[in-house]
Amino acid sequence: MYRIPFNRVDWITSSFLIGTALIALIGVPVYLVKFGINWFQFAMFFFYVTATMMSITVGYHRLFSHLSFKAKLPVKFFTLVFGACAFENSCLNWASDHRRHHKHVDHDEDPYDISKGFFWAHIGWLLFKLNPEPPMDNVADLRKDKLVMWQHNYVHWIALVVGIFIPMSLGYLWNHFHGMNAWHGALGAFMLAGIARIVVAQHCTFFINSLCHTVGTQPYSTTHSARDSAVMAFLTFGEGYHNYHHEFQHDYRNGVKPWQWDPSKWTIWTLSKLGLADGLRKVPDSRILLAEMGEARRKAEKHLEEVREKGNAHAHTVLDTLHELVEEMSANYHELEKAVSDRVQLSKEKLDHWQEETRSMLREIRRMSAAAMA
Ligand SMILES: [Zn+2]
Ligand SMILES: [Zn+2]
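Conventions adopted
Residues numbered from 1 in each chain as written. Chains lettered and ligands numbered in written order. Predicted model: local features only at pLDDT ≥ 70, side-chain atom pairs only at ≥ 80, totals over all residues. Heavy atoms only, no water. Donors = N, O, S within 2.8 Å, 3.2 Å for Na, K, Ca; no water. Helix = DSSP H or I, 4+ residues; strand = E, 2+ residues; numbered from the N terminus. Buried < 20%, exposed > 50% of the residue type's maximum accessible area, 1.4 Å probe, protein only. Bend = angle between axes of the 7 residues up to and from the residue. Expected span 1.5 Å × (residues − 1). Contact = heavy atoms within 4.5 Å. Axes fitted to C-alpha atoms, helices over the stretch in contact; angles between N-to-C directions. Parallel < 35°, antiparallel > 145°, perpendicular 65-115°, else oblique. Left-handed = near helix turned anticlockwise from the far one by under 90°. Nonpolar A, V, L, I, M, F, W, Y, C, P; charged D, E, K, R; others polar. Phe/Tyr/Trp six-rings, centres within 6.5 Å; stacked < 30°, edge-to-face > 60°. Lys NZ or Arg CZ within 6 Å of the ring centre and 35° of its normal. Patch = residues over 30% accessible without salt bridge, like charges linked within 9 Å, V, L, I, M, F, W, Y side chains within 5 Å. Areas by Shrake-Rupley, 256 points an atom, 1.4 Å probe, with all protein chains shown as cover. Salt bridge = Lys/Arg side-chain N within 4 Å of Asp/Glu carboxyl O. Lys, Arg positive; Asp, Glu negative; His and termini not counted. Charge placed at Lys NZ, Arg CZ, Asp CG, Glu CD.

Colleague: How should the coordination of the zinc ion (ligand 1) be read in this particular structure?
Modeller: Six octahedral donors around a metal ideally subtend angles of 90 or 180 degrees, whereas four tetrahedral donors ideally subtend 109.5 degrees. Here the zinc ion (ligand 1) is held by His101 (NE2), His213 (NE2), His242 (NE2) and His246 (NE2), and the distances to it run 2.1 to 2.2 Å. When the donors of the zinc ion (ligand 1) are listed by position in the chain, the intervening gaps give H-x111-H-x28-H-x3-H. On the criterion of sequence distance, the pair formed by His213 in the loop between helix H8 (182-209) and helix H9 (230-235) and His242 in helix H10 (residues 242-247) is long-range, its members being 29 residues apart. His242 shares its class with His213; the two are buried.

What follows is the structure in structure tokens.
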């Protein structure tokens, strides 16, 4: 386990993260008990959580860090302004950290390296600063964008004005015009749409670096720690399909299957239909399936190896069948691999059939090897 560098506390960031968390955990319940909540305060909280989180996932992450689509000015402006309200630093800083995360995932230069432990990946990397700060030499493209640089220079002002001052003013005015104490309205907006919203949005983002590298499945690759999880996708506006994302980081989709919960993907798609986004990058279905089949085959081989080495007294009766199944999976994999490299157009039916077959074979292999290991 990595030793936390307690002598390198980043006092400003730490005070902010701990202070906001304490207000959210203690101040907010006290406020709610004393003053209750009205629908306007709730609506502002809901709007701000959604706008902030979506600006991080659609803007900071998929648009600016990965260039997975091109956006028109209003989209860039909105995501940069509400992204700033997340108090997760400027888009330029964020993208630089995130690009290093992908390039060096699970290694020392990964800023939120999960191999240093869950706590480090979640929040430790922000509370403690490693010296020296790595150079931001991987965002030259973003430095050419005037809007990104404007946000970089004024990020804290934007965050304070749009993320705190505006909701407080709206809370003040709403109460004022409804014959209630205006300052209670302002305080409520500060607590809910301000602080509680910041804490929720931040920890949901942090979960992508901690939980999404700890819990879930790895259908596309086991060469990195990233995992797919529907629960995490729900908490993170679709970013929980993190195994897919690390394998195909330039795809605008994280939940690539039609049924997967990915509101950020749906938003980008809708923006493209409205003429506000274009150039949506997608990995071809055949390449995605190739990754899945490759991973399934690796897992099947591992099961076969285990049964061979540590199987019970009856294991020998299933070894031939297991071996045949693994061979068949390999043959399918190589056939698809050749089709992909020869750029053969494969029908959706064919790909679906391969996928179904691979999954049922892997299920069968798992069932048989579990019985042979019992
Ligand atoms: Zn990651
Ligand atoms: Zn990413």
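Colleague: Before we go on, may I ask you to explain helix H2 (residues 39-65) in this structure?
Modeller: Side chains that are three or four residues apart share a direction in an α-helix, a result of its 3.6 residues per turn. A maximum bend of about 30° is found in H2 at Ser55. With 20 of its 27 residues buried, H2 lies for the most part within the structure. At the exit of H2 stands Leu67, carrying a positive phi of roughly 50°.

Colleague: Could you clarify how one ought to interpret helix H3 (residues 73-84) in this entry?
Modeller: Between its first and last C-alpha atoms H3 spans 16 Å; for 12 residues at 1.5 Å apiece the expected length is 16 Å, and the two agree. Where H3 is buried, its residues touch H2, strand E1 (70-71), helix H4 (91-103), helix H7 (146-177) and helix H11 (263-273).

Colleague: Would you mind going over the packing of helix H12 (residues 285-310) against helix H13 (residues 316-341) with me for this structure?
Modeller: The description of two packed helices rests on the angle between their axes and on the distance between the axes. Orientation of H12 relative to H13, taken along the N-to-C sense of each, is 160°, at an axis distance of 9 Å. Considering their axes alone, H12 and H13 lie roughly antiparallel with respect to each other. With respect to the hand of their crossing, H12 and H13 are arranged in left-handed fashion. Split into classes, the residues belonging to the contact of H12 with H13 amount to 14 nonpolar, six polar and five charged.

Colleague: Would you explain the packing of aromatic side chains in this entry?
Modeller: Remark: the centre distance and the inter-plane angle together describe each pair of aromatic rings, the angle taken between the planes. If you walk through the whole model with that rule in mind, you get 17 aromatic pairs. When the ring of Tyr60 is compared with that of Trp94, the centres are 5.7 Å apart and the planes differ by 75°; the resulting orientation is edge-to-face. Here Tyr60, found in helix H2, pairs with Trp94, found in helix H4; they are 34 residues apart in sequence, far enough to count as distant. Trp94 shares its class with Tyr60; the two are buried. An aromatic cluster of three or more residues is present, and its members are Phe47, Tyr48, Phe78 and Phe82. The ring centre of Tyr333 lies 4.4 Å from the NZ or CZ of Arg297, which sits over that ring.

Colleague: Help me understand a negative patch on the surface, please; the structure alone is not making it clear to me.
Modeller: On the surface, a cluster of negative charge is contributed by Glu301, Asp320, Glu324, Glu327 and Glu328. Here the negative patch takes four residues from H13, the largest share from any one element. Residue placement: Glu301 occurs in helix H12. Classification of Glu301 as partly exposed rests on a relative accessible area of 34%.

Colleague: Can you walk me through the coordination of the zinc ion (ligand 2) in this structure?
Modeller: The protein atoms that coordinate the zinc ion (ligand 2) are His61 (NE2), His66 (NE2), His98 (NE2), His102 (NE2) and His245 (NE2), at distances of 2.0 to 2.2 Å. In primary sequence terms, the donor set of the zinc ion (ligand 2) follows H-x4-H-x31-H-x3-H-x142-H. Note that His98 and His102 are positioned in helix H4 at a spacing of four residues, about one turn of the helix. Here the two residues His98 and His102 agree in accessibility, since each one is buried.

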